[in-house]
Amino acid sequence: MSDLLVPVDVVGVGLTVVAPDMGPADPEMVLVLRESSGRRRWLPIVISPEEGKAISDAHAAASLPRSGPLGLLTTILDALDRPISRIELTGLHGADFVAELVFDNGRRAPARPADAVALALGAEPTTPVLVTEHLLDATGATGATGEPRRSDEPVDRGDHDDQIRRFRAFLDAVAPEDFDDGRR
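What you are looking at is a predicted structure, and each value in this text was computed from that prediction instead of being measured. (Residues numbered from 1 in each chain as written. Predicted model: local features only at pLDDT ≥ 70, side-chain atom pairs only at ≥ 80, totals over all residues. Heavy atoms only, no water.)

Asker: It is not clear to me how the overall build of the protein should be interpreted in this structure. Could you clarify?
Answerer: From N to C terminus, the protein includes five helices and seven strands. Long-range pairs, those at least 24 residues apart, make up 56% of the contacts in the protein with a sequence separation of at least 6. (Helix = DSSP H or I, 4+ residues; strand = E, 2+ residues; numbered from the N terminus. Contact = heavy atoms within 4.5 Å.)

Asker: I tried to follow unusual backbone geometry on my own but got confused; where do I start?
Answerer: Working note: non-glycine residues mostly have negative phi, and peptide bonds are mostly trans. Despite not being glycine, arginine 40 has its phi angle at roughly 60°, a positive value. Examined against the element boundaries, arginine 40 turns out to sit in the loop between strand 2 (28-35) and strand 3 (42-47). Judged by its relative accessible area of 30%, arginine 40 is partly exposed. The phi dihedral of aspartate 81 falls on the positive side, at around 55°, and the residue is not glycine. Examined against the element boundaries, aspartate 81 turns out to sit in the loop between helix 2 (69-79) and strand 4 (84-93). (Buried < 20%, exposed > 50% of the residue type's maximum accessible area, 1.4 Å probe, protein only.)

Asker: What exactly am I supposed to notice about the pattern of salt bridges here?
Answerer: When their charged atoms lie close together, side chains carrying opposite charge are able to pair. Scanning the entire structure with this criterion turns up 11 salt bridges. The partner of glutamate 100 in a salt bridge is arginine 108, and the shortest N-O contact between them spans 2.6 Å. Each of Glu35, Arg39, Arg41, Glu133 and Asp137 takes part in salt bridges that share partners, so that together they form one network. (Salt bridge = Lys/Arg side-chain N within 4 Å of Asp/Glu carboxyl O.)

Asker: Help me understand the confidence of the model for the protein in this model?
Answerer: Close inspection of predicted coordinates is inappropriate for parts of the model with low pLDDT. Here the protein averages 77 in pLDDT, while 70% of its residues score no lower than 70. Strand 7 (residues 129-132) holds the highest mean pLDDT among the elements of the protein, 96, whereas helix 5 (residues 160-173) holds the lowest, 70. Here residues 144-157 is modelled with pLDDT under 50, and outside its nearest four sequence neighbours on either side it reaches 25 contacts, counting other chains as well. (pLDDT = per-residue confidence, 0-100.)

Asker: What exactly am I supposed to notice about the environment of arginine 82 here?
Answerer: Take arginine 82: it is sitting in the loop between helix 2 and strand 4. Through-space distance from the C-alpha of arginine 82 to that of phenylalanine 103 is 6.8 Å; in sequence the pair is 21 residues apart. Leaving out residues up to four positions away in the same chain, arginine 82 has contacts with Leu77, Phe103, Asp104 and Asn105.

Asker: Where do I start with the environment of alanine 54 in this structure?
Answerer: Inspection of the secondary structure puts alanine 54 in helix 1 (residues 49-60). Given the relative accessible area of 23%, alanine 54 is considered partly exposed. Put simply, alanine 54 and alanine 114 are 60 residues apart on the chain and 8.1 Å apart in space, counted from C-alpha to C-alpha. In this view, alanine 54 contacts Leu70 and Ala118; residues no more than four positions away in its chain are not counted.

Now the structure itself:
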């Protein structure tokens, strides 16, 4: 039985997260997704600075004289007439989110969430990003309180619990305007 897929919007990327328990040697960035309608849950994903730059570059790709590796991949997929129909975030593997590129012929390829989102944002038109309901239930937070709505099923998140706790505290303290959406 497949899980319901929920459309999400890319709210922002590029904000360095500095929590009290993080030292200066631990710079992290956050990719923040938000449910497009309905309960409007947030899904924060820790990404590297390099992944954050790739997502920002995807926004600016049309104005760049030469694109980077993700732009090249988009060009190749266009040349092969094999577009990506959607991006799906489907679960967790340990503390890492799992994403898949879903092509127009139904074939799938695994990808890091940040790479998948960068491909989605760099496409013309933008490729939809979807998250499973189960994943949003297990790791998402509501915008009003930051408190999670957990599913009835137990989810083995291992080391991910501490990361989620820090993100919930972070989400309690920020507003959407605090994020750079990469469209400068």
